[in-house]
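The lines below spell out each chain.
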Amino acid sequence: RPPRSPLFPYTTLFRSVGNAELISLNDNLPIRSPFVAFPHTTIEQWNEYPELMADHENGYHRWGSLAIRSSGKLILVDTGMQGEGCYLLDDMKRKGIDREAVDIVVFTHVHPDHVGWNYTDGKPNFPNARFLVPQKDWDYWTKPENINTVEYVVPQVLPLKENGVMDLIDGEYEITPELTTYPTPGHTPGHTSIRVTSKGEHAFILGDVAHSPIQAHYTDWCPEFDITPDMARSTRHAVIDMLEAEGTLVSAGHFPDPGFGRFARGEERRFWQGL
């Protein structure tokens, strides 16, 4: 059984947006130093946010995915890491998400903690799904100078094309009438978020536009994994400003479990209001 989050009960894992249903999924809930992602920050800055810290040296982290029921389709956003301590497939089963019923898998971007469960020992884990891959990420990671720099592209991503189950997407792509991709480049060249709109209600699937709630205030901070930091920083400011102004429900895969919340403004700083 996957470990219970130290921050939120399982009863908060489901959100409805009009007719669309969003179910938060986890692949791992590790505790690790915040300096893994943000090596140029200080522990004093992190300790301003005790709710993010397991102790005074290490913070909570999450590798999250999202299942969405929309317009008669079952969509999975990102497929986790697959590695020691990872359990996405078990978490899906426990939450009533049949992996063989998944119609569409869409990737926010092609990083190992987002494409990791496509295959296990060469066998597809979502055998009836089509996979939507951002065009610019595919172009970047399949360049000869990049393809062998990371160990996950060959076993987890290339077989999608070889098996004829991959579609490349770009710009604002309609996944279903309720789900549309929203380009948010910088973290990777083709990084893509998703807008959810149904019956006048809205949500936004953030992907890795931000890695931690601390970036609600320290929005300039770029994690080590941002490929184009200046672009990522500009995108992050624009997107979080927009979501704050709209009061939009957000799903953030690396934010504390279950990753649902809103960006809001306090007297001194912007903050993440988890739900």
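Numbering of residues begins from 1 in every chain and follows the order in which that chain's sequence is written. In keeping with the model being predicted, local features are shown solely for residues with a pLDDT of at least 70 and side-chain atom pairs are shown and tallied solely at 80 or more, while totals for entire chains, interfaces and linings include all residues. Hydrogens and water are ignored here; the side-chain numbers use all heavy atoms of the structure.

Trainee: I'd like a rundown of the overall build of the chain, residues and numbers included.
Mentor: From N to C terminus, the chain includes six helices and 18 strands. Taken against the 2.2 N^0.38 rule, which gives 19 Å for 275 residues, the C-alpha radius of gyration of the chain at 18 Å falls within 12% of a compact globule. Counting only C-alpha atoms, the chain reaches 50 × 45 × 40 Å along its principal axes. Here the term buried applies to any residue with accessible area under 20% of the maximum for its type, exposed to any over 50%, and partly exposed to those in between, with areas from a 1.4 Å probe on protein chains only. A total of 275 residues make up the chain; the buried ones form 55% of that total. Whether two residues are in contact is decided by their heavy atoms, any of which lying within 4.5 Å being enough. Nonlocal contacts in the chain, meaning residues at least 24 apart in sequence, comprise 67% of its contacts between residues at least 6 apart. Accessible areas in this description were obtained via Shrake-Rupley with a 1.4 Å probe; residue shielding takes into account the shown protein chains only. Per element, the accessible surface of the chain, about 12,100 Å² overall, is 49% carbon and sulfur. Charge assignment in this entry is limited to Lys and Arg as positive and Asp and Glu as negative, and neither His nor the chain termini are counted. All charge positions are set by atom: Lys at NZ, Arg at CZ, Asp at CG, Glu at CD. Each charge class in the chain was averaged separately, 24 positive and 38 negative side chains, and the resulting centres sit 6 Å apart. For the purposes of this entry, the term helix denotes a DSSP run of H or I that reaches at least four residues, the term strand denotes a run of E that reaches at least two, and both are numbered from the N terminus. Every radius of gyration here is taken over C-alpha atoms, with the globule rule written as 2.2 Å times N^0.38, N being the number of residues.

Trainee: Describe in detail helix α5 (residues 153-162), supporting the description with residues and values.
Mentor: Since the α-helix advances by 3.6 residues per turn, residues separated by three or four positions end up pointing in the same direction. Buried within α5 are the following residues: Val 153, Gln 156, Val 157, Leu 158, Pro 159 and Leu 160. Gly 164 lies just past α5 and shows a positive phi near 70°.

Trainee: Describe the nonpolar core, with residues and values.
Mentor: One finds Met 92, Val 102, Val 105, Phe 126, Phe 131 and Leu 160 to be the most contacted residues of the largest nonpolar core, which totals 32 residues. When contributions to this core are tallied by element, the ones reaching two or more residues are β2 (20-28), β5 (63-70), β6 (73-77), α2 (88-94), β10 (130-134), α4 (135-141) and α5. Setting aside anything within four residues of it in sequence, one finds Leu 160 in contact with Phe 107, Asn 118, Tyr 119, Phe 131, Val 133, Val 165 and Met 166. We define a nonpolar core as any set of buried Ala, Val, Leu, Ile, Met, Phe, Trp, Tyr and Cys residues linked to one another through side-chain atoms lying within 4.5 Å. Counting 19 residues, the second-largest nonpolar core is a separate cluster that includes Val 17, Ile 75, Ile 175 and Leu 249.

Trainee: Residues and numbers for the sheet that holds strand β15 (residues 201-205), please.
Mentor: Strands are treated as partners if at least two bridges between them are detected by DSSP. In space, the seven strands of this open sheet follow the order β12-β13-β14-β15-β16-β17-β18, with mixed pairing throughout. Where the open sheet ends on each side, the last strands, each with one partner, are β12 (174-176) and β18 (270-274). Each adjacent strand pair in this sheet contributes to an overall mean axis angle of 30°, direction not counted. Of the pairings in the sheet, the one linking strand β13 (residues 179-183) to strand β14 (residues 192-198) comprises five bridges and is antiparallel in character. Following the sheet pairing, Thr 181 is matched in β14 by Ile 194. To obtain each axis, a line is fitted to C-alpha atoms, and for helices this fit is confined to the stretch in contact; angles are then taken between N-to-C directions over 0 to 180 degrees. Each of β13, β14, β15, β16 (249-251), β17 (260-265) and β18 touches helix α6 (residues 229-246); the most contacted strand, β17, lies at about 90° to it.

Trainee: Outline the pairing of β5, listing residues and values.
Mentor: Summarising burial for β5: seven of the eight residues are buried, a large majority. One ladder, built from seven bridges, connects β2 with β5; its direction is antiparallel. Each bridged residue has a counterpart across the sheet, and for Asn 28 the counterpart in β5 is Trp 63. Where β5 lies against β6, five bridges are found, and the strand directions are antiparallel.

Trainee: Summarise the packing of aromatic side chains; cite the residues concerned and give the values.
Mentor: Side-chain rings of Phe, Tyr and Trp (the six-membered ring for Trp) are treated as a pair once their centres are within 6.5 Å; stacked means planes under 30 degrees apart, edge-to-face means over 60, and tilted covers the remaining angles. Scanning the entire structure with this criterion turns up 11 aromatic pairs. Between the aromatic rings of Phe 38 and Trp 221, the centroid separation amounts to 5.7 Å while the plane-to-plane angle is 45°, which identifies the pairing as tilted. Highlighted residues: Phe 38 in the loop between β3 (31-32) and α1 (43-46) and Trp 221 in the loop between β15 and α6, separated in sequence by 183 residues. Trp 221 gets classed as buried once you look at its relative accessible area, which sits at 13%. Through successive ring pairs, a cluster of aromatic residues spans Phe 38, Trp 46, Tyr 218 and Trp 221.

Trainee: An account of the pattern of salt bridges is needed here, citing residue identities and associated values.
Mentor: A pair is scored as a salt bridge if a Lys or Arg side-chain nitrogen falls within 4 Å of a carboxyl oxygen belonging to Asp or Glu. Under the defined criterion, the tally for this structure stands at 12 salt bridges. When the shortest N-O distance is used, the salt bridge between Glu 21 and Arg 69 registers 3.8 Å. Of the two residues, Glu 21 sits in strand β2 while Arg 69 sits in strand β5, which places them 48 residues apart along the sequence. A relative accessible area of 30% places Glu 21 in the partly exposed class.

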